[in-house]
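Observations on the three-dimensional arrangement
Chain by chain, the residues:
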Amino acid sequence: MLLGQHADDQVETLLLALSRGAGLPGLSAMAAQFERGGVVFYRPLLQISAASLREWLVQQQIPFVDDPTNTDERYTLQPHSRTPAAGFGRGFSAIPRDLCAQRPARSAGAGLAGGSRP
């Protein structure tokens, strides 16, 4: 099964974990591939920023829908989804590549020290 999380989601996951007080063992990137209940899941877009993905979709004239919960203040992730882009400005697009470089998936409990989270 293919999932649509992109590099901005990867950064958001890290920031959310930090905001919840996660220590080093609790900080981990989303795995590019994982299995749950006998189903293999892939996240092929983790190296692509949301802006790049939207730009490509527009160029290809492929319709898409933005998740309305991204701008809904009732949801926990919303403040984090706007904060990184505003805080880092143009440099934000480079951050996911640096933080979320593809690595082989390791145990979920290993955190930033080398692990990935499903």
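Parameters at a glance
Residues numbered from 1 in each chain as written. Predicted model: local features only at pLDDT ≥ 70, side-chain atom pairs only at ≥ 80, totals over all residues. Heavy atoms only, no water. Salt bridge = Lys/Arg side-chain N within 4 Å of Asp/Glu carboxyl O. Helix = DSSP H or I, 4+ residues; strand = E, 2+ residues; numbered from the N terminus. Buried < 20%, exposed > 50% of the residue type's maximum accessible area, 1.4 Å probe, protein only. Phe/Tyr/Trp six-rings, centres within 6.5 Å; stacked < 30°, edge-to-face > 60°.

Section: the pattern of salt bridges
Tallied over the full model, the rule gives one salt bridge. For the salt bridge of Asp-66 with Arg-54, the shortest nitrogen-to-oxygen distance reads 2.8 Å. On the criterion of sequence distance, the pair formed by Asp-66 in the loop between α2 (50-59) and α3 (78-88) and Arg-54 in helix α2 is long-range, its members being 12 residues apart. The class of Asp-66 is partly exposed, set by a relative accessible area of 41%.

Points about the packing of aromatic side chains
Taken as a whole and judged by the stated rule, the model has one aromatic pair. Pairing Phe-34 with Phe-41 gives two aromatic rings, centres 5.0 Å apart and planes at 10°, and the pair type is stacked. Side by side, Phe-34 and Phe-41 carry an identical accessibility label, which is buried.

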